Structure formats: C-alpha cells, structure tokens
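Examination of the molecular architecture
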Amino acid sequence: QVQLVESGGGLVQAGGSLRLSCAASGRTFSRYTMGWFRQAPGKEREFVAAIRWSGGSTYYADSVKGRFTICRDNAKNTVYLQMNSLKPEDTAVYYCAATTGRPIVLGEYDYWGQGTQVTVSS
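The paragraphs below set out a description of the structure included in this document. All figures in this text were calculated on a predicted structure; none of them were measured in a lab.

Rules used throughout
- Residues numbered from 1 in each chain as written.
- Predicted model: local features only at pLDDT ≥ 70, side-chain atom pairs only at ≥ 80, totals over all residues.
- Heavy atoms only, no water.
- Core = buried A, V, L, I, M, F, W, Y, C linked by side-chain atoms within 4.5 Å.
- Buried < 20%, exposed > 50% of the residue type's maximum accessible area, 1.4 Å probe, protein only.
- Helix = DSSP H or I, 4+ residues; strand = E, 2+ residues; numbered from the N terminus.
- Salt bridge = Lys/Arg side-chain N within 4 Å of Asp/Glu carboxyl O.
- Pairing = 2+ DSSP bridges.
- Axes fitted to C-alpha atoms, helices over the stretch in contact; angles between N-to-C directions.

Here we come to the nonpolar core. Core analysis: the biggest nonpolar cluster contains 35 residues, and Leu-4, Met-34, Trp-36, Leu-81, Met-83 and Tyr-94 have the highest contact counts within it. The set of elements that each furnish at least two residues to this core consists of β3 (18-25), β4 (33-39), β5 (46-51), β7 (68-73), β8 (78-83), β9 (92-99) and β11 (116-121).

Laid out in structure tokens, this is it:
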C-alpha cells in the first residue's frame, strides 16, 4: 500500500511558478513510477508528467514540456513538480499517483492522492 499526500498548490499570476510536493508513505516508494495528473473543471483527468523509480527517465505532456520539471527524492519518499511560466490553462486540480505499469497511462496507476488546487490568474 502507498498513501500519497500532495501540497504546494495555490493561486499564482500567469508567468509565475509553483512547486508541488507529493509525500508518500510505505517502504516500497522507490519501486514505483510516480506521476502527476491534472483535472480542470468539466474536463477529463490528463497526464502531466511522470518519473521512473530510478529517476533516470522522465515523461511530459506536450503542453507542459519545457515549463514543468518532475523529480523525486527516494530517501524522503517525495516527488516534486516544479511548474514555471504558468498559464491560465494550467488551472486544475493536480493529483499525484503511483504505478508499476506504464508511466503515461492513467488507467495503470494504482494509488492516488487527494489532489491540490492550482489556479493561475491572467
């Protein structure tokens, strides 16, 4: 079992930055690929970024490539999402998730956090 708790969301102006954190419980955190997803009002949840257990491979949605960076600290059981150059269309609830499956496939994620709200004003 893995329990995930996100933090770091908030309100920011367009062009600003935020760093999301996801703290995981469980001794096997380092075995999981960790991902970030987001869901805007009226839209489906979508993939944002993911990182393999070793941190050696990362994956990004085209919409955030070059602006967002995912990293992890297995010693702290924490994964981060650094978000720069934020746009109003980045406004959504951001979810942290864990999988032993494919990094960009939402349906293969086994564990989910409760989400944290990110609002980008224009």
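Moving on, there is more to tell.
A few words now on the pattern of salt bridges. Counted by the stated rule, this structure contains five salt bridges. Asp-90 is paired through a salt bridge with Arg-38; the nearest N and O atoms lie 2.9 Å apart. Taken together, the residues span a long stretch of sequence, with Asp-90 in the loop between β8 and β9 and Arg-38 in strand β4 at a distance of 52 residues. An identical accessibility class is assigned to Asp-90 and Arg-38; each is buried. Across the salt bridge formed by Glu-108 and Arg-102, the nearest N and O atoms sit 2.5 Å from each other. A single network of salt bridges, built from pairs that share partners, joins Arg-38, Glu-46, Arg-67 and Asp-90.

Moving on, we come to unusual backbone geometry. With a phi close to 55°, Asn-77 is a non-glycine residue in the positive phi region. Looking at the secondary structure, you find Asn-77 in the loop between β7 and β8. Positioned with a positive phi, Ser-85 is a non-glycine residue whose angle comes to about 50°. Within the secondary structure, Ser-85 is located in the loop between β8 and β9. For Ser-85, a relative accessible area of 40% translates into the label partly exposed.

Right, let's get into the sheet that holds strand β1 (residues 3-7). With antiparallel pairing, four strands are arranged side by side in an open sheet as β1-β3-β8-β7. One side of each edge strand has no neighbouring strand; the edge strands of this open sheet are β1 and β7. If you compare each strand with its neighbour and ignore which way they point, the axes differ by 15° on average. In this sheet, β8 lies alongside β7 in antiparallel orientation, the contact comprising six bridges. By the bridge assignment, Ile-70 is partnered in β8 with Leu-81.

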